[in-house]
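The chain contents come next:
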Amino acid sequence: MSKTQVRQEVAAWHPGQIWQPPTKAQRWYDGAFRRLCLVFAAFTIVLIAWLALGIAYRAIPAFQQYGLNFIYSTTWDPNKAQYGVLPEIWGTLYTSLLALIVGSAFGVAAAIFLSEGFLGEAVFKGLKAFNLQFHPLWRKLPDRLEQILKNLIELLAAVPSVVYGLWGLFVIIPLIRPVCNWLHEQFGWFPLFSTTLSGPGVLPAAFVLSIMILPTITAISRDALVSVPPKLRMAAYGLGATRWETILGVLLPTASRGIFGGMVLGFGRALGETMALAMLVGNANRLTVSLFSPANTLAALLANTFPEASAKEIPVLMYAALILLAISLVVNIFGAFVLEKAVGKGEAK
Amino acid sequence: MAKYCISIVFMFALITFGACGGGTGESVKLQGAGASFPAPLYLKWFKSFSAAQPNVQVDYQSVGSGSGVKSFMDHTVDFAASDAAMKPEDMAKVKGGVQLLPMTAGSIVLAHSLKDVPNLKLSREAYVGIFSGKITTWNDPAIASVNPDAKLPSAPINVIVRADSSGTTFVFTKHLSAVSKEFEQGIGVHNMPNWPVGTRSKGNEGITASLLTTPGSIGYIEYGYAHSQKLPVATLQNKAGNYVAPTTASAVATLASAEMPPNLIAWISDPEGKDAYPIVTYTWMLFYKQYDSKAKAKALRSLIDYGLTEGQKESEALGYVPLPPDVVTKVKAAAESIS
């Protein structure tokens, strides 16, 4: 095809004179659009900074009065003007960490199940029993089921937090109470089981929280597992590895950074979760390692105290908000950083 | 949550009424905010009031006593409602003066979840002890001695208190402080004190839900919540030493035992009467003494009048306590100062 022919071809398809150098107006338009995007991108950063500075500014009186003592003192007594958030910081990290452990175990398992075609195989075998595996209507079933399951897990993220809270209060707590109290009676000497579970407490809160962060962990882990280069899997099988050896020895380590990034993002979400925790954690200012004892988190403290806070309490609450913001920003930045590294590594291969 | 839904429904109802009666006269829109404790009753009043006087629209938001007083001081509302009245220094800041009117009263009950002990009696030492963490099991001698026939479990008492800052807690801690010096010095009177015991739930609804799901627990809620959920409530010992169950009659006896001072702010932290239920509180509406618009002041006066006459008849069904007649007379006289 000669050059003229190409031009004619292009001209036929694109009535504008696309093969000419851009006009001044086009250049200007292009530049303006780019700058507009830049402004919007900068706006989000300014917004975060503005938010942090606004909270910090209002927290100044409390910072001057309580200083760092606020972080490691354990009493919250408005009557005596003593404020300390160590139990809340501990509670926030403790519940989130427990949720992370449970949520990651289930989330990564679900991601493996979804990405390795276990479900598809089982359904295929089932169809084969009826000799329907190539039937035009049924042969799509394995893929469809996997899609549905994946969407269902992602749908967990769409359930409102207050619904999780109510579910925890009316379903989970009565369900786990006998087990927990049995554990306390038998193994009460073990610090984790040192109190009875009466109602709201660390364990129900962490359990519900783990379900709330499950979709994040599953979705990111699944993406990481799917993007493992097929040649690695083939090579593992070629060397005679079994399926489990392949999954545990090759796939998971390769996808580990992506999975780790997902876990950190899930952790970030768990830290900031408010409503469900305010309903389930028991809101008691207690520094405890017992799984069954009520505790408190920063977000729950803020949600409970703000609506009727007096002018003197507001700086204190702003200070607590600043600490929560700092914890979750650090965790999220760390997670995003790890995730970025993981993606970069994946592409390099 | 339910409260918000109800208030939204009512707002729509009010808007519809307003639209229907638009042509009949000068329409007045009254904006109020404040306590959530009397909100169900107030919303009922405002609804029937607007039905009777279609040219007046009343919009009430139950945002909590503290926020209500704050909006009142900022002049963003026409009236407010508060369980904790209003501090004298705050009243001094409002130009032209403030008129506080007690509009209704309510009892705070100790509801529990011992299904086998429907007639639990608690002495003054017992309930102060439970809420200050000194009495920790149900078969403690302090409880068992006054309930000889009851099958008290040996289980620990799970105390449930309010997690959020609340006027109910204020009234309750005020009563406990009046009973026990030790409580006053240790925990003290506050909207959200540093409770040494228990788990904390948000709102009356939260405590009610915890009581329903947790065996062996006790918590303080407003009478209406215990009544509607059929939770067993404790009979409490009053100052005279009698055990009194929370009923409308015993709450009226409490109100009767206290003299209403000229500023209409009466705290009945520990009533004297021998039939008086110990924890009953008035709840107030806050008005400015002077309004810019004559029509607004007139509408407010007729609203107050409605609440004090027709409104009092509706209070008992919703779990509130009707005001004693002499208090109604005093409040009516005080309402004249609003212009």
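Definitions and cut-offs
Residues numbered from 1 in each chain as written. Chains lettered and ligands numbered in written order. Predicted model: local features only at pLDDT ≥ 70, side-chain atom pairs only at ≥ 80, totals over all residues. Helix = DSSP H or I, 4+ residues; strand = E, 2+ residues; numbered from the N terminus. Rg over C-alpha atoms; globule rule 2.2 N^0.38 Å. Buried ≥ 20, exposed ≤ 12 C-beta atoms within 10 Å, placed from the backbone. Contact = placed C-beta atoms within 7 Å. Pairing = 2+ DSSP bridges. Core = buried A, V, L, I, M, F, W, Y, C linked by C-beta atoms within 7 Å. Nonpolar A, V, L, I, M, F, W, Y, C, P; charged D, E, K, R; others polar. Expected span 1.5 Å × (residues − 1). Axes fitted to C-alpha atoms, helices over the stretch in contact; angles between N-to-C directions. pLDDT = per-residue confidence, 0-100.

### As for the overall build of chain B
Part 1 of the argument: Across its full length, chain B holds 14 helices and eleven strands.
Part 2 of the argument: Expected size for 339 residues packed as a compact globule is a radius of gyration near 20 Å; at 21 Å, chain B falls within 12% of this value.
Part 3 of the argument: A burial count over chain B gives 50% of its 339 residues as buried.
Part 4 of the argument: Across chain B, contacts joining residues at least 24 apart in sequence account for 72% of those joining residues at least 6 apart.

### Here we look at the sheet that holds strand β9 (residues 235-237) of chain B
Strand pairing in a sheet is mediated by backbone hydrogen bonds. Such pairs are either parallel or antiparallel.
All names here are of chain B.
Part 1 of the argument: Taken in spatial order, the three strands of this open sheet run β5-β9-β10, and their pairing is mixed. Pairing within the sheet leaves two strands with one partner each, and these edge strands are β5 (121-122) and β10 (243-244).
Part 2 of the argument: Judged from the two bridges that link them, β9 and β10 form a sheet pairing that is antiparallel. Note on β10: the bridge partner recorded for Leu-236 is Val-244.

### Overview of the nonpolar core
Part 1 of the argument: If you look at the biggest cluster of nonpolar residues, it comprises 93 residues, and the most contacted ones within it are Leu101(B), Leu110(B), Trp284(B) and Leu286(B).
Part 2 of the argument: Judged by nonpolar contacts, the second largest core, of 71 residues, contains Ile153(A), Phe292(A), Ala300(A) and Ala309(A).

### Remarks on the interface of chain B and chain A
Part 1 of the argument: Contact with chain B, which involves 25 residues of that partner, is made by 24 residues of chain A.
Part 2 of the argument: Within the residue set of the side of chain B that touches chain A, elements represented by two or more residues are α3 (65-73), β7 (199-201) and α9 (203-213) of chain B.
Part 3 of the argument: Element by element, the count of residues in the side of chain B that touches chain A is highest for α9(B), at four residues.
Part 4 of the argument: Partitioned by chemical class, the residues of the side of chain B that touches chain A number five nonpolar, 17 polar and three charged.

### So, helix α7 (residues 167-179) of chain B
All names here are of chain B.
Part 1 of the argument: Over its 13 residues, α7 extends 19 Å from the first C-alpha to the last, a length consistent with the 18 Å expected when each residue adds 1.5 Å.
Part 2 of the argument: The buried count for α7 comes to eleven of 13 residues, which makes it a mostly enclosed element.
Part 3 of the argument: Within the sequence span of α7, burial applies to Gly-167, Thr-168, Thr-169, Phe-170, Val-171, Phe-172, Thr-173, Lys-174, His-175, Leu-176 and Ser-177.

### Remarks on the sheet that holds strand β2 (residues 56-61) of chain B
Residues and elements named next belong to chain B.
Part 1 of the argument: The eight strands are arranged β2-β1-β3-β11-β4-β8-β6-β7 in an open sheet whose pairing can be described as mixed. In this open sheet, the two strands that pair with only one neighbour each are β2 and β7. The average angle at which neighbouring strand axes cross in this sheet is 25°, direction not considered.
Part 2 of the argument: Sheet strands in contact with α3 are β1 (28-34), β3 (79-82) and β11 (280-288), and its direction is about 150° off that of β3.
Part 3 of the argument: Packing against the sheet, helix α12 (residues 294-308) makes contact with β1, β2, β3, β4 (98-112) and β11, and its axis sits at approximately 60° to β1.

### Overview of the pairing of β2(B)
All names here are of chain B.
Part 1 of the argument: Most of β2 sits inside the fold, with five of its six residues counted as buried.
Part 2 of the argument: Where β1 lies against β2, six bridges are found, and the strand directions are parallel. When the bridges of β2 are listed, Ala-33 appears paired with Gln-61.

### Describing the confidence of the model for chain B
Interpretation of this model should avoid reading the predicted coordinates in detail wherever pLDDT is low.
All names here are of chain B.
Part 1 of the argument: Of all residues in chain B, 92% attain a pLDDT of 70 or more, and the chain-wide mean is 85.
Part 2 of the argument: Confidence over residues 13-24 falls short of pLDDT 50; this stretch has 16 contacts with residues more than four positions distant or in other chains.
Part 3 of the argument: Here the predicted complex carries an ipTM of 0.72, next to a pTM of 0.78.

### Quick word on the environment of Tyr164(A)
Part 1 of the argument: Within the fold, Tyr164(A) resides in helix α7 (residues 161-187).
Part 2 of the argument: Each C-alpha atom of the pair Tyr164(A) and Ala276(A) lies 6.0 Å from the other, and the pair is 112 residues apart in sequence.

### What about the pairing of β3(B)?
Residue and element names in this part refer to chain B.
Part 1 of the argument: Of the two faces of β3, the one lined by Phe-79 and Ala-81 and the one lined by Ala-80 and Ser-82 are each fully buried.
Part 2 of the argument: Relative to β3, β1 is paired through three bridges, and the arrangement is parallel. Note that in β3 the partner of Gly-34 across the bridge is Ala-81.
Part 3 of the argument: For β3 and β11, the ladder comprises four bridges, and the chain directions are antiparallel. Residue pairing across strands places Ala-80 opposite Leu-286, the latter belonging to β11.

### Points about the environment of Trp138(A)
Residues and elements named next belong to chain A.
Part 1 of the argument: Its location among the elements puts Trp-138 in the loop between α5 (118-129) and α6 (141-155).
Part 2 of the argument: On the neighbour-count criterion, Trp-138 (15 C-beta atoms within 10 Å) is partly exposed.
Part 3 of the argument: Those residues in contact with Trp-138, other than ones at most four positions away along the chain, are Leu-127 and Leu-132.

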